[in-house]
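The primary structure of each chain is shown beneath.
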Amino acid sequence: MQEKTISGFSKLSKVDKVRWVVENFFADPEEAGRGLMSFWHKDEEQQRVLDGFSENTISNYYLPYGVAPNFMVNGKLYTVPMVIEESSVVAAASSAAKFWLSRGGFHAKVLSTRKIGQVHFCWKGDSARLFRHFGELEKRLRRDAAHLTANMESRGGGVLDIELLDLSHLEPDYYQLKVSFETCDSMGANFINSVLEEFGSTLEIFVQEHPAFEGEEEHLEVVMAILSNYTPECIVRAWVECPVDALGSGCNGMSPEEFADKFAKAVRIAHIDPHRATTHNKGIFNGVDAVVLATANDFRAVEACGHTYAARDGQYRSLSSCSLEDGVFRFWLDLPLALGTIGGLTRLHPMARRSLELLGNPGAEELMEVIAATGLAQNFAALRSLVTTGIQKGHMKMHLMNILNHLGATEQEVEEATTHFQDKVVSFTAVREFLKSFRKKKGSLA
Ligand code: MEV
């Protein structure tokens, strides 16, 4: 066994990185090395692209790439790419898409696209003087950052507002430049962060050079400059609606009225109870994250933002809502989503490029609409199962298939097992016993 710490790991060749890892952490280094390397891309150029996204790469980690067809959003049909490892999610999205296809499809509207960034700083000097000269500072901030903002401005975006906030009642001497941005079709993280860092430098220079702050240079400390992933004003609404009786036969055997009533109750419970809200919203993000990943957008940013938004009034609540008024079933989702369709990995990742092409190369706003619709579809499908048959029925089918695959079942055995377990609880032991006795019976008949 070698030592398990190392310096200069990043400088090793990829093969040597694999070697160091398998020799130090695996029982059978040769087998582990072969296993890790078997997931290298056969095309060296493609592998180089993937390796370029991150650091210290030793292999690739595959996830299933599925599609959900029949998604009508604002009258346009999409086949939605979904990257997710959880069974039943793509099936559920597809089933909800098909259900709403004959009921007007999904509707979606981007409500606004403002993003936020902050320069956090401490100021021990006179607060009033800072505010008095803020107008001048703002002009200087915009002027100094012009070389960074010109291109974005030519695309219709750039810096919108700059606010000076006195937050010294929360933390001694703490102030903030709160900046809002429009970043068009890019997620804009690099753009926003570059502008904010420039703003931080300008702020320091302004205080050093302005006669009004003479002798106060030491009173300023720029703590950090960074975008905020909380973008409540970069938000999209997706909804479905139809007369209650048009829910028709899609209610898993329930009457449309009973179904709609129970469904709306389930949504209200997710507004009231944080435990349920968390699971409810997790179901929404099953759909959202899958498309965010398929298009190489930042799912951590999308999740963080969505959950903060869900807790915006101080309690974590459902992101979706449901109303039953004048005999109309209406179900909607408000979701803050900061996405890009240019920049970042969206055009570099070979599969993200395919996803965007599959969606018809949408701009960021159209992608926001499709993703919100997918989240809503996922939520609809989950609640429909939960308030009617329960969630396990569908899951058990998948579970059974996974166990049968694991046990090397033949086509005939799969067929027999599917019939046998239709009304029985699926467990590994039960399936193994079933196969054992089925094989024995077959053997004795042969
Ligand atoms: C499972 O991944 C997601 C659900 O639990 C969501 C929900 O309960 O609403 C089915």
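Calculation notes
Residues numbered from 1 in each chain as written. Predicted model: local features only at pLDDT ≥ 70, side-chain atom pairs only at ≥ 80, totals over all residues. Heavy atoms only, no water. Salt bridge = Lys/Arg side-chain N within 4 Å of Asp/Glu carboxyl O. Helix = DSSP H or I, 4+ residues; strand = E, 2+ residues; numbered from the N terminus. Pairing = 2+ DSSP bridges. Axes fitted to C-alpha atoms, helices over the stretch in contact; angles between N-to-C directions. Contact = heavy atoms within 4.5 Å. Buried < 20%, exposed > 50% of the residue type's maximum accessible area, 1.4 Å probe, protein only. Polar contact = N/O pair within 3.5 Å; in protein donor to acceptor, adjacent residues only side chain to side chain. Core = buried A, V, L, I, M, F, W, Y, C linked by side-chain atoms within 4.5 Å. Parallel < 35°, antiparallel > 145°, perpendicular 65-115°, else oblique. Left-handed = near helix turned anticlockwise from the far one by under 90°. Domains from an automatic or database assignment. Buried area = accessible area lost by both parts, 1.4 Å probe. Arc of directions from axis to C-beta. Phe/Tyr/Trp six-rings, centres within 6.5 Å; stacked < 30°, edge-to-face > 60°.

**Looking at the pattern of salt bridges**
- Summed over the entire model, instances satisfying the criterion amount to 22 salt bridges.
- In this structure, R140 and E209 form a salt bridge, with 3.4 Å as the shortest nitrogen-oxygen distance. On the criterion of sequence distance, the pair formed by R140 in helix α6 (residues 134-144) and E209 in helix α8 (residues 189-209) is long-range, its members being 69 residues apart.
- D313 serves as the salt-bridge partner of R317, at 2.8 Å between the closest nitrogen and oxygen.

**So, the sheet that holds strand β5 (residues 158-166)**
- The strand order across the open sheet formed by four strands is β5-β6-β4-β7, and the pairing between neighbours is antiparallel. At either end of the open sheet lies a strand with only one pairing partner, and these are β5 and β7 (220-228). The average undirected angle you get between the axes of adjacent strands in this sheet is 15 degrees.
- The pairing of β5 with strand β6 (residues 174-182) spans seven bridges and is classified as antiparallel. Paired with V159 across the strands is F181, a residue of β6.
- Seen against the sheet, α6 touches β5 and β6 and runs at an angle of roughly 145 degrees to β5.
- Against the sheet, α8 touches β4 (115-123), β5, β6 and β7, its axis set at about 165 degrees to β7.

**What about the environment of S154?**
- As for its placement among the helices and strands, S154 is situated in helix α7 (residues 146-154).
- Note on S154: relative accessible area 61%, which makes it exposed.
- Among the polar contacts made by the side chain of S154, one reaches the main-chain carbonyl oxygen of N151 at a distance of 2.6 Å.

**Digging into the nonpolar core**
- Counting residues in hydrophobic clusters, the biggest one holds 65 residues, and the most contacted among them are F71, L247, F329 and F331.
- Those residues within four positions of F71 in sequence are excluded, and the remaining contacts are K76, L77, Y78, V80, A93, A97, F106, A373, T374 and A377.
- In this structure, I162, I192, F206 and F213 belong to the second largest nonpolar core, which totals 28 residues.

**Let's talk about the packing of helix α1 (residues 14-25) against helix α2 (residues 29-37)**
- Relative orientation of the contacting elements α1 and α2 amounts to 135 degrees, with a least axis distance of 9 Å. By the angle between their axes, α1 is oblique relative to α2. Between α1 and α2 lies a crossing whose hand is right-handed. Along the contact surface, α1 presents V18, V22 and E23, while α2 presents P29, A32, G33, L36 and M37.

**Quick look at unusual backbone geometry**
- Positioned with a positive phi, N74 is a non-glycine residue whose angle comes to about 50 degrees.
- Looking at where N74 falls in the secondary structure, it is placed in the loop between β1 (65-73) and β2 (76-83).

**Here's the deal with the domain arrangement of the protein chain**
- The domain architecture assigned to the protein chain consists of domain 1 (1-62), domain 2 (72-110 + 237-390), domain 3 (115-227) and domain 4 (399-445).
- The C-alpha centroid of domain 3 is placed 37 Å from the C-alpha centroid of domain 2.
- If you look at the interface, domain 2 gives nine residues, while domain 3 gives six residues.
- Between domain 2 and domain 3, the buried area comes to about 540 Å², and carbon and sulfur atoms account for 64% of it.

**Observations concerning the pairing of β4**
- Burial analysis of β4 places nine of its nine residues in the buried class, which makes it a mostly covered element.
- By the alternation rule, side chains of β4 split into K115, G117, V119, F121 and W123 and I116, Q118, H120 and C122, which are all buried.
- As defined by bridge partners, β4 adjoins β6 across eight bridges and the pair is classed as antiparallel. Bridging from a neighbouring strand, Q118 pairs with K178 of β6.
- Examined bridge by bridge, β4 and β7 share eight bridges and lie antiparallel to one another. Counted as the bridge partner of Q118 is I226 from β7.

**Description of α6**
- Every buried residue of α6 is accounted for by F134, L137, R140, L141 and D144. The arc that holds every buried residue of α6, seen down its axis, measures 120 degrees, which confines them to one face. Facing away from the buried side of α6, by more than 90 degrees, are the exposed residues K139 and R143.
- As for α6, its buried residues are in contact with α5 (127-132), α7, β5, β6 and α8.

**Some words on the packing of aromatic side chains**
- In total, this model carries 22 aromatic pairs according to the counting rule given.
- Their ring planes at 70 degrees and their centres at 5.4 Å tell us that W100 and F380 sit as a pair that is edge-to-face. Here W100, found in helix α4 (residues 89-101), pairs with F380, found in helix α13 (residues 364-387); they are 280 residues apart in sequence, far enough to count as distant. No difference in accessibility class separates W100 from F380, as the two residues are buried.
- In this structure an aromatic cluster arises from ring pairing among F99, W100, F259, F263, F329, F331 and F380.

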